[in-house]
Amino acid sequence: MGSLIINNLYRRKVRSAIAVAAVAVGVAAPIVLAGLTYGSINEVLDRIRNVGADVIVSRTSNPALLGVRTGVIDESLGEKLEGVEIEYEGETVRPVESVSPVLVWVAEVDGRLQNVYGVMPDRFPAFGGFMADALVSGRLMDGPDELVVDDRLAASAGLENGDTVELMNRSFTIVGVVRAGAGARLFVNLDSLQELTGQDGKVSAFYVKCKHPGYVSATASAIEDEFPGLNTITMGALADEMAEGMAGLDEFIGAVTGLALLVAGLVILLTTYTVVLERTREIGILKALGASRTFITRVILSETLLLCTAGAAVGLGLAWLMKLGIGIRYPLLTVEMTVSRTFGYGALGIAVGALAGIVPALYAATRDPAETLRYE
Amino acid sequence: MVVKTALKAEGISVVFGSRDNPFVALDGVDLEVAPGEFAALMGPSGCGKTTLLHVLCGILRPARGRVWVDGIELTALSDAARTRLRRDHIALIFQKFNLLPALSALGNVAIMKRLGAVVGGASPDAVLETVGLGDKKGNLPSELSMGEEQRVATARALYTDPAVILADEPTGSVDSANKIHILDVFEKCNRELGRTILVATHDENVAARADRVIVMEDGEVV
C-alpha cells in the first residue's frame, strides 16, 4: 500500500506541493504569530522583573506603560519611601532596603523609538544584580553625557563604545555595553535626563527593594496608604496581571490559528476531494478487484496524513526560517518558539488536515465501481 | 446428485436510465457455466455482454434475478461480502486493462495480496514471467504497450487463485501476437489448472478456442 500512496502523491506533484504548502503556512503562521506576541510580552515582563526590585511605585498602575511618560513624581519622595514602616509579626519594621528613582523617556535611535532610563548607576538594582556580571564591554556611565546601551541594540544599530549617539539633540558617548534584559535598552544618568527633558527633580517611578520577601506585600500597601495618588505593584502581582492580559491574547491567537488551520483544512479537503474525483476510475478498479471500503479509506486517509505530516514538517522549518529572518531584519523583536507550542501547532495541523481528508475518503469508499466501469 | 456450477445466473434483468426513459440492458438472462469450462460470450456491441459480466462478478446489482458463483449466491450477499467473494473467487480481466497507473507491472500484480486476496503458489514475479513480461516488472503502465498492459492484467488475474476468470474483450485492443499469447495463457489456465473461464468477445478466433459459445442479442441469451 505504501508504494501506491507515495506514487500517487508523486504523480500529482504540483497538487501535492500546494497541499503541503497550505498546511505549512497554516502551521508556521500561528507559531510565528504566537512566538512574536508572547516573545514581546515576556520580554517586557522579564525586563521589568530583571531590574531586581520587589515593588514598583509610580502614578500608573501598569509599569509596562512607563515608557509613555505617564505622570511624574518628586524625586525627593524617594527618601520618604525609605522611611516607610510596616507591622510584621507583631513588630514595627522599616522594610525598604533601597529605592531607585528612574525617569523614563523616549528617544529615537537608529530610526526606532526606544525607552531611555535615567538612573543612578549605584542605586539601580539591575546594575548590581542582573547586570552585575553582564557588562559586555566598557563601564557604566559616570559623567553627564555618557550612555550605556544593551547588546541587542548595539548589534542592531552597529553601536560600540566610543560612538556618539544623538538623544534629544544632545550628543551622548557610549561608554559601556550591557547584556540585554533589564529595564530599557538605553541608560543615562538620572540628572542628565532630568536636565535634558526639563524634568528637574522629577522621576517616573521608584524601584523599591525590600529587606525580606515577607515584607513585600505589606510595603506596597503601606506606600499606597501613606502616599495617596501613587500606585504600587509587586513583581508577583505584575506577573499575575501579565498572565491575565495573555489570557485575552490567547483568544486572539486562537482565532488567528483557527482561521489559518481552517484555510489549510479547506485546501486539504478540496485537494483530497479533487483527487478522489480524478481517481474515480482507479478507485473503481480497486473496488472491482475486491478492495474493501476500509482499504480505500485507508489509502486516501494515508495520503492525506502523509501530505499533512510533510506540511507540518515544512511548516516547522518555515517557522524557524521566519524566526531567523525576523531576527536578522528586526533584531530587537523576540520570537519565542517553545517546544510544546511549536510541536503542538504541528500536531494540530496534521489533525486538521487528516480530519479534512475523512469526508473525501469516505466518499471514495462508497463509490459504486459499476458506475465507473460501465462507461469505460 | 447435485452438480455444482461454477457460474449460474437465473432471470437476470438490469435496467438503466430513468423510470420515464428506461433502457433494458439485460432481460431475464439465464446462464450456466460448468466448473472447468471455457465459454465464450458473443454478440454485437451493446447487446449486454459487459453488463452481464458485471452482474456475474457482483459489481452490478441486478434489478431482478439471482447469481451463484462457485455455489454461493452472490445476489443474497451484502456489499462487503460480495466484495470479498469477488476478491477471493473471481478474477476480472477488463477490455481497457484497468491497471493502476501509479504502480509498476509488478505492483499491479502484487496489489491483489495487499487487497487481502487468496493468492496461488506462484510469486508475482513468476506470474509475470508466465505472461512473458519478466523483463518489464518495473515498468509503469504508461511505459508498456497495450498488448503488454493486457498481459499484466492477465497476470494479475492469474496471481490469485480464482474459481472463475471473467474476461471482457481481453484481445480487443491488442495486436495479433499478443492476442495469441493471451489466448495461450487462458487455454493453459483452463486445461492445466482447471480454471473456469467466461470470455466476452467479438473475435471468432477467441470463440474458436472455447468449449462453448453463448450468444447474446438485445439483452437476452439466444
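Everything numeric in this text was worked out from a predicted model, so none of it was measured.

Topic: the environment of Asp54(A)
Thought 1: Following the sequence through the fold, Asp54(A) ends up in the loop between helix 2 (13-49) and strand 1 (55-58).
Thought 2: Once residues lying within four places of it in the same chain are set aside, the contact partners of Asp54(A) are Val208(A), Lys209(A), Cys210(A), Val216(A), Thr234(A) and Met235(A).

Remarks on helix 5 (residues 146-159) of chain B
Residues and elements named next belong to chain B.
Thought 1: If you check helix 5, its first and last C-alpha atoms are 20 Å apart, about what 14 residues at 1.5 Å a residue would give, namely 20 Å.
Thought 2: The buried fraction of helix 5 amounts to 12 of the 14 residues, a majority that puts the element mostly inside the structure.
Thought 3: The complete set of buried residues in helix 5 reads Glu148, Glu149, Gln150, Arg151, Val152, Ala153, Thr154, Ala155, Arg156, Ala157, Leu158 and Tyr159.

Remarks on the confidence of the model for chain B
Thought 1: Of the residues in chain B, 99% have a pLDDT of 70 or more, and the chain-wide mean is 89.
Thought 2: The ipTM, which scores confidence in the relative placement of chains, is 0.84 for this predicted complex, and the corresponding pTM is 0.72.

A word on the interface of chain A and chain B
Thought 1: On the side of chain B, 20 residues touch chain A, which itself brings 19 residues to the contact.
Thought 2: At the level of elements, helix 1 (2-11), helix 9 (280-289) and helix 12 (369-374) of chain A are the ones that each hand at least two residues to the side of chain A that touches chain B.
Thought 3: Broken down by class, the residue content of the side of chain A that touches chain B amounts to 10 nonpolar, five polar and four charged.

Details of helix 9 of chain A
All names here are of chain A.
Thought 1: Burial of helix 9 is extensive: eight of the 10 residues sit out of reach of the surface.
Thought 2: Taken residue by residue, helix 9 has Glu282, Ile283, Gly284, Ile285, Leu286, Lys287, Ala288 and Leu289 as its buried positions.
Thought 3: With its phi angle positive at about 115°, Gly290 sits one or two positions after the end of helix 9.

Re the environment of Met42(B)
Thought 1: With respect to the helices, strands and loops of the structure, Met42(B) is situated in strand 3 (residues 38-42).
Thought 2: Among all residues touching Met42(B), those that are not within four sequence positions of it are Thr201(B), Ala207(B), Val213(B) and Val215(B).

The rules behind each value
- Residues numbered from 1 in each chain as written.
- Chains lettered and ligands numbered in written order.
- Predicted model: local features only at pLDDT ≥ 70, side-chain atom pairs only at ≥ 80, totals over all residues.
- Helix = DSSP H or I, 4+ residues; strand = E, 2+ residues; numbered from the N terminus.
- Contact = placed C-beta atoms within 7 Å.
- Expected span 1.5 Å × (residues − 1).
- Buried ≥ 20, exposed ≤ 12 C-beta atoms within 10 Å, placed from the backbone.
- pLDDT = per-residue confidence, 0-100.
- Nonpolar A, V, L, I, M, F, W, Y, C, P; charged D, E, K, R; others polar.

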